[in-house]
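# Residue-level structural notes
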Amino acid sequence: MYNDLSLAHFMDGLKKRNPGELEFHQAVYEVAESVIPFILDNPIYQHAAILQRMTEPDRSIIFKVVWEDDAGNIRLNRGYRVQFNNAIGPYKGGLRFHPSVNFSILKFLGFEQTFKNSLTTLPMGAAKGGADFNPKGKSDREVMRFCQSYMTELYHHIGPDTDIPAGDIGVGAREISFMFGQYKRLRHEFTGVLTGKALEFGGSLIRTEATGYGTAFFMEEMLAHRGDSIRGKTCVLSGSGNVALYCTEKIIQLGGKVVTLSDSSGFIYDEQGIDEEKLAYLIELKIFQRGRICDYADKYQCDFFVDEKPWRIRCDLAFPCATQNEIDKNDAHLLVTNGCIAVAEGANMPTTIEAIKILQHAKVLFAPGKAANAGGVALSGLEMTQNSVRLSWSAKELEDRLAKIMKDIHQQCVKYNEDGDYINYVNGANIAGFIKVANAMLAYGI
């Protein structure tokens, strides 16, 4: 059945089994393109149909979520959990609350999570979940009622040794807290079933900062491998959530200059660079006040570009930290033309396959999200450890551990794909992530 493992044949079969799921097709194609040549050189994986099995979730759960808004209206949303692969540990992956949430997006995220979690070297499987609920514009009590209703169904499928969700887009400390409280109420137990919790009840220091910090650490490792560093480099970032803001913070600490950030309304360009004082204002504006990025432009008298992306700004380094497919082939050409030497993905799959090819052809260092943004789930894994042994580590201990994990991920990528002076980090990350999960699946038999 699986003798023909050509890329075209494999993708044809996947698309027939998963019609219309474009984001999932894209994520699988990017991995399959790297991994299939490796499998053909190591036929034990082909005979066991490992890649075919790895691209099918263990289970996909869909359920209704009924809740009441402040006006007394009954509201209905759709909830999901896609448990993708638990070969190397309990399912682990975020919950996303956003109107765009559907099975295709959650399957792409869960599939990516399989490789990302493997690269951390921590014992974590992969899952993703969420709902087509939009927390924006909702009162705290409305969000609470939704989260309680969502968890009333989800709790049947999760547990500290089964599946440990975390936050994602639209799910921050507020939402995690409401869901954890409901889980505790339903199960009559206090366990580390969610990560991203508040410090008062089992959360970890630097969890909020971890994805952004990790992305900057990975960029520093890429540059250091060829005798360079972030210091003195001009950096363009998209997004203005936790990932972008704390990536900015770490870049500043490493001596780089961040000149752009964005949200759904456009991007700011601060030619002088965002310093610590300006960043403190942005954190207050975006995280606590839930304001718009244009307010920064008004306050600091810098340029604001409505409904545009920041990739046309001249830079040395680029960090897409907003959402999937935000860098297309035209943006990639702009980055190359404007002198960009390296890109690290802070978001999940923010660069199209065409754009990746353009960047690689131009020898721009390119770090895929499964490697560069693994810091968030790595810290979640450390939170799980702290919960299991009932202790907490200091911020410095955690940051040191995070930096070590990102360094180890970089070394895995280099180990499995180095060709002269240019490293194909996509191939390296995909093959390194594949091997650990595949070997575990082989060990279990059929």
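Above: the structure in question.
As a starting point, this report considers the structure included with it.

Cut-offs used in this document
Residues numbered from 1 in each chain as written. Predicted model: local features only at pLDDT ≥ 70, side-chain atom pairs only at ≥ 80, totals over all residues. Heavy atoms only, no water. Core = buried A, V, L, I, M, F, W, Y, C linked by side-chain atoms within 4.5 Å. Buried < 20%, exposed > 50% of the residue type's maximum accessible area, 1.4 Å probe, protein only. Helix = DSSP H or I, 4+ residues; strand = E, 2+ residues; numbered from the N terminus. Salt bridge = Lys/Arg side-chain N within 4 Å of Asp/Glu carboxyl O. Patch = residues over 30% accessible without salt bridge, like charges linked within 9 Å, V, L, I, M, F, W, Y side chains within 5 Å. Areas by Shrake-Rupley, 256 points an atom, 1.4 Å probe, with all protein chains shown as cover. Expected span 1.5 Å × (residues − 1). Contact = heavy atoms within 4.5 Å. Axes fitted to C-alpha atoms, helices over the stretch in contact; angles between N-to-C directions. Parallel < 35°, antiparallel > 145°, perpendicular 65-115°, else oblique. Left-handed = near helix turned anticlockwise from the far one by under 90°. Nonpolar A, V, L, I, M, F, W, Y, C, P; charged D, E, K, R; others polar. Pairing = 2+ DSSP bridges.

Turning our eyes to something else, we now look at the nonpolar core. Counting residues in hydrophobic clusters, the biggest one holds 62 residues, and the most contacted among them are Phe218, Met219, Ile251, Leu261, Phe319 and Ile409. In terms of residue count, helix H8 (residues 210–225) provides more of this core than any other element does, eight residues in total. Listed in part, the 39 residues of the second largest apolar core include Ala48, Val82, Leu106 and Ile435.

Should the charged atoms of two oppositely charged side chains come close, the side chains can pair. Under the defined criterion, the tally for this structure stands at 25 salt bridges. Two residues, Asp168 and Lys128, come together in a salt bridge whose shortest N-O distance is 3.2 Å. Placement of Asp168 in the loop between strand E5 (163–167) and helix H7 (173–187) and of Lys128 in strand E4 (residues 126–131) is noted, with a sequence separation of 40 residues between them. Pair check on accessibility: Asp168 and Lys128 agree, each one buried. A network of salt bridges, in which partner residues are shared, links Glu30, Glu112 and Lys370.

Residues Val66, Ile74 and Leu76 make up a contiguous nonpolar surface patch of roughly 310 Å² in combined accessible area. On the secondary structure map, Ile74 appears in strand E2 (residues 74–85).

With 15 residues, helix H15 (residues 375–389) extends 21 Å between its outermost C-alpha atoms, agreeing within 8% with the 21 Å of an ideal straight helix rising 1.5 Å per residue. Within H15, 12 of the 15 residues are buried, leaving the element largely enclosed by the surrounding structure. Where H15 is concerned, the buried positions are Gly375, Gly376, Val377, Ala378, Leu379, Ser380, Gly381, Leu382, Glu383, Met384, Gln386 and Asn387. Contacts made by the buried residues of H15 are with strand E3 (91–97), helix H5 (103–119), E5, H8 and helix H16 (395–416).

Let us now look at the packing of H8 against helix H9 (residues 242–253). Relative to each other, H8 and H9 sit at 45°, their axes nearing to 7 Å. Taken as axis vectors, H8 and H9 run oblique relative to one another. Relative to H9, H8 is oriented so that their crossing is right-handed. Listed contacts from H9 to Thr211, Gly212, Tyr213, Thr215, Ala216 and Phe217 of H8 are Val243, Tyr246, Cys247, Glu249, Lys250, Ile251 and Gln253.

Here we take up the packing of helix H12 (residues 329–337) against helix H13 (residues 353–361). It is the contact of H12 with H13, at a shortest axis distance of 8 Å, that shows an interaxial angle of 20°. The pairing of H12 with H13 is recorded here as roughly parallel in orientation. At the point where H12 passes H13, the crossing takes the right-handed sense. Within the contact between the two elements, H12 uses Lys329, Ala332, His333, Leu335 and Val336 and H13 uses Glu354, Ala355, Ile358 and Leu359. Looking at the contact of H12 with H13 residue by residue, the class counts come to six nonpolar, one polar and two charged.

What follows concerns the sheet that holds strand E7 (residues 257–263). Spatial strand order, E9-E8-E7-E6-E10-E11-E12: seven strands in an open sheet with mixed pairing. Two strands bound the open sheet, and with one partner strand each, they are strand E9 (303–306) and strand E12 (365–367). Strand-to-strand, the axes of this sheet are offset by a mean angle of 15°, without reference to chain direction. Inspection of the sheet shows strand E11 (residues 342–344) paired to E12 by three bridges, in the parallel sense. Paired with Ala344 across the two strands is Ala367, which belongs to E12. Across the sheet, H9 lies against strand E6 (234–237), E7 and strand E10 (317–319), angled at about 175° from E7, the strand it touches most.

Even without a glycine there, the phi angle at Asn325 is positive, about 55°. The residue Asn325 is located in the loop between E10 and H12 in this model. Within the chain, Arg390 stands out as a residue other than glycine whose phi angle is a positive 60°. Relative to the helices and strands, Arg390 is located in the loop between H15 and H16. Of the residues examined, Arg390 reaches a relative accessible area of 66% and is grouped as exposed.

Mapped onto the fold, Glu21 is located in the loop between helix H1 (7–17) and helix H2 (22–41). Apart from residues no more than four positions distant in its own chain, Glu21 is found in contact with Phe103, Ser104 and Lys107.

Our focus in this paragraph is the sheet that holds E4. Spatially, five strands are ordered E1-E2-E4-E3-E5 in an open sheet, and the strand pairing comes out mixed. One side of each edge strand has no neighbouring strand; the edge strands of this open sheet are strand E1 (59–68) and E5. Geometrically, the sheet is characterised by an average inter-axis angle of 20° between neighbouring strands, direction not taken into account. When E1 meets E2, the two strands line up antiparallel, connected through 10 bridges. The residue bridging Ile61 from the neighbouring strand is Arg81, located in E2.

Let's shift gears to the pairing of E5. Within E5, four of the five residues are buried, which leaves the element mostly enclosed by the surrounding structure. Pairing of E3 with E5 involves five bridges; the strand directions are parallel. Looking across to E5, one finds that Leu95 is bridged to Gly167.

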